[in-house]
Amino acid sequence: MGAPASPCLLRPLPALFPGDCGTGVTGADALQDMDYSRIIEPLKLAVPNHLIWLIFFYWFFHSCLNVVAEVMQFGDREFYRDWWNSESVTYFWQNWNIPVHKWCLRHFYKPMLKRGASKWAAQTAVFLASAFFHEYLLSVPLKMFRPWAFMGMAAQIPLAWFVSRFLRGNYGNAAVWMSLIIGQPIAVLMYVHDYYVLNYEGNP
């Protein structure tokens, strides 16, 4: 594996894992050894992480796309629906990113139905395709392949089944929000750990 493109941006990351002056355990040690008692600390950033995600959502989907649509005189301005009211995982994924959802319907879901696949099989294929692209978009810039993004997206399949079967109304909505607030920091943590160990292990 070659040297990272922007080491100056990632060298401070182990500072998220504070060391113990009494034991001499550093943030780098926690990353390398997967010391879960210390690694759990960054999960305190779950809510700030989600707030940043919400800001990005508003900036891109509500502001940027509408500006582009206005400049290009594009009439269809439905870039998202009320995903925040989602009472199921399926409803969230169908409504938070309408352009991608319509693309998946056109190129994956409907062609599979025409070929005789069941709705469940077609929905599973869409989730797995989305999981592949999520992993691809992370693996190429980081120059390493790890399954965390793929696994996180694939885990939406049993989560969607569980929420739709056992949770209703506000309970389903709470489950969707918890998966968003907690899931992303865990995935980011795994990539930070692997990137640090791969590129900086043993470096002064």
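Below, the structure is looked at part by part. (Residues numbered from 1 in each chain as written. Predicted model: local features only at pLDDT ≥ 70, side-chain atom pairs only at ≥ 80, totals over all residues. Heavy atoms only, no water.)

### Focus: the overall build of the protein chain
Helix and strand counts for the protein chain come out as 10 helices and 0 strands. Along its sequence from the N terminus, the protein chain presents helices and strands in the succession α-α-α-α-α-α-α-α-α-α. Every one of the 204 residues in the protein chain was classed for burial, and the buried ones make up 29%. Within the protein chain, contacts between residues separated by at least 24 positions form 56% of all contacts whose residues are at least 6 apart in sequence. Taken as a whole, the protein chain presents about 12,900 Å² of accessible surface, with 68% of it coming from carbon and sulfur. (Helix = DSSP H or I, 4+ residues; strand = E, 2+ residues; numbered from the N terminus. Buried < 20%, exposed > 50% of the residue type's maximum accessible area, 1.4 Å probe, protein only. Contact = heavy atoms within 4.5 Å. Areas by Shrake-Rupley, 256 points an atom, 1.4 Å probe, with all protein chains shown as cover.)

### Some details on the nonpolar core
In this structure, Phe61, Trp83, Phe92 and Trp96 are the most contacted members of the largest nonpolar core, which totals 14 residues. Counting only elements with at least two residues in this core, the list comes to α4 (46-71), α5 (89-95), α9 (156-166) and α10 (169-200). For this core, the element with the highest residue contribution is α4, accounting for 5 residues. Phe92 has contacts with Trp53, Trp83, Ser86, Val176 and Leu180, leaving out every residue within four places of it along the chain. (Core = buried A, V, L, I, M, F, W, Y, C linked by side-chain atoms within 4.5 Å.)

### Examining a nonpolar patch on the surface
Residues Trp103, Leu128, Phe132, Phe133, Tyr136, Leu137, Val140, Phe150 and Met151 make up a contiguous nonpolar surface patch of about 890 Å² in total accessible area. Where the nonpolar patch is concerned, the elements lending two or more residues are α7 (119-142) and α8 (148-154). Its location among the elements puts Trp103 in helix α6 (residues 98-114). (Patch = residues over 30% accessible without salt bridge, like charges linked within 9 Å, V, L, I, M, F, W, Y side chains within 5 Å. Salt bridge = Lys/Arg side-chain N within 4 Å of Asp/Glu carboxyl O.)

### What about the packing of α4 against α10?
Packed helix pairs are specified by the crossing angle of their axes together with the interaxial distance, meaning the distance between the axes. Where α4 contacts α10, the axes come no closer than 8 Å and their chain directions differ by 105 degrees. In terms of their interaxial angle, α4 and α10 are classed as roughly perpendicular. Residue-level inspection shows Ala46, Val47, Asn49, His50, Trp53 and Leu54 of α4 in contact with α10, the latter providing Trp177, Leu180, Ile181, Gln184 and Pro185. Across the contact of α4 with α10, the residue classes break down as 8 nonpolar, 3 polar and no charged. (Axes fitted to C-alpha atoms, helices over the stretch in contact; angles between N-to-C directions. Parallel < 35°, antiparallel > 145°, perpendicular 65-115°, else oblique. Nonpolar A, V, L, I, M, F, W, Y, C, P; charged D, E, K, R; others polar.)

### Quick word on α6
Of all the bends found along α6, the most pronounced is centred on Leu105 and spans about 45 degrees. Tucked inside the fold, the buried residues of α6 contact α5 and α7. Following α6 by one or two positions, Gly116 has its phi on the positive side, about 100 degrees. (Bend = angle between axes of the 7 residues up to and from the residue.)

### Let's talk about unusual backbone geometry
Across the chain, the bulk of peptide bonds are trans and the bulk of non-glycine residues have phi less than zero. At Gln73, a residue that is not glycine, the phi angle is positive and equals roughly 55 degrees. Here Gln73 is to be found in the loop between α4 and α5.

### Thoughts on the packing of aromatic side chains
Inspection of every chain in the model, using the stated rule, returns 25 aromatic pairs. Measuring from ring centre to ring centre gives 5.6 Å for Trp83 and Trp84, while their planes differ by 75 degrees; the resulting arrangement is edge-to-face. A relative accessible area of 36% means that Trp84 is categorised as partly exposed. Taken together, a centroid distance of 6.3 Å and an interplanar angle of 25 degrees make the contact between Phe132 and Tyr136 stacked. You can see Phe132 and its partner Tyr136 sitting in helix α7, 4 residues apart, about one turn around the helix. Note on Phe132: relative accessible area 47%, which makes it partly exposed. (Phe/Tyr/Trp six-rings, centres within 6.5 Å; stacked < 30°, edge-to-face > 60°.)

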